[in-house]
Every structure is written in C-alpha cells, then in structure tokens.
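# Close look at the chain arrangement
Each chain is listed here by its residues.
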Amino acid sequence: MRMRIAWIKWTDAITSAEPGWTTKEEALQAASSPLPIMYTVGYILHNDDSHIALTDSVGDDEFGQVTKIPK
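Read on for a plain summary of the structure. (Residues numbered from 1 in each chain as written. Predicted model: local features only at pLDDT ≥ 70, side-chain atom pairs only at ≥ 80, totals over all residues. Heavy atoms only, no water.)

With that settled, the discussion passes to the overall build of the protein. The secondary structure content of the protein amounts to one helix and four strands. Relative to a compact globule of 71 residues, whose C-alpha radius of gyration would be 11 Å, the protein shows 17 Å and is clearly more extended. Judged by the C-alpha coordinates and their principal axes, the protein covers about 55 × 25 × 15 Å. A fraction of 47% describes how many contacts in the protein between residues 6 or more apart in sequence connect residues 24 or more apart. Here the protein has roughly 6,100 Å² of accessible surface; of this, 53% comes from carbon and sulfur atoms. Taking the average place of the 6 positive charges on the side chains of the protein and the average place of its 10 negative ones, the gap between the two points comes to 11 Å. (Helix = DSSP H or I, 4+ residues; strand = E, 2+ residues; numbered from the N terminus. Rg over C-alpha atoms; globule rule 2.2 N^0.38 Å. Contact = heavy atoms within 4.5 Å. Areas by Shrake-Rupley, 256 points an atom, 1.4 Å probe, with all protein chains shown as cover. Lys, Arg positive; Asp, Glu negative; His and termini not counted. Charge placed at Lys NZ, Arg CZ, Asp CG, Glu CD.)

Looking now at the environment of Asp 60. Residue placement: Asp 60 occurs in the loop between strand E3 (51-55) and strand E4 (66-70). Along the primary structure Asp 60 and Gln 29 are separated by 31 residues, whereas in three dimensions their C-alpha atoms are 48 Å apart.

With respect to the helices, strands and loops of the structure, Thr 55 is situated in strand E3. The exposure class of Thr 55 is buried, given its relative accessible area of 2%. Within polar-contact distance, the side chain of Thr 55 engages the backbone oxygen of Ser 57 at 3.4 Å. Engagement of the side chain of Thr 55 in a polar contact is seen with the backbone nitrogen of Gly 64, the distance being 3.2 Å. Apart from the residues within four sequence positions on either side, Thr 55 is in contact with Gly 42, Tyr 43, Leu 45, Phe 63, Gly 64 and Gln 65. (Buried < 20%, exposed > 50% of the residue type's maximum accessible area, 1.4 Å probe, protein only. Polar contact = N/O pair within 3.5 Å; in protein donor to acceptor, adjacent residues only side chain to side chain.)

Okay, here's the thing in structure tokens:
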C-alpha cells in the first residue's frame, strides 16, 4: 500500500490549571501565555477543507492511532 507522508506544524489548544481553584494572577498568566506549537509526521489517511488525519503506523489490514488536526 502506497500512502503519502506529511509533516504538519500546527497550533494546539490547551487547558491549563491544576484541579481546584486558580488565583486571578494564575488565570491571567495562563490566559495570556502562547499556545503550544506541535509537529506531527505521519501517513495521510484523510485530507479535506476541515481537517487532515494522519496515522504513525500502517500494516496490511491495521493502522496505528489516528490524529485529526483541524485546519
């Protein structure tokens, strides 16, 4: 099976806070910090206007985990 490989740079969403209450200062610091930049390499399973889906492993009848990245 021939599949295209992609290297994707994307911006991830993040939820930051420990369980329980957060102080105002901690919340404002977390709110203003930059979003993490992620890099994913994998075999393209799907690609359309809304998202791209990659997997890291391909067998004859099996695939590894699927990562869906919004566009």
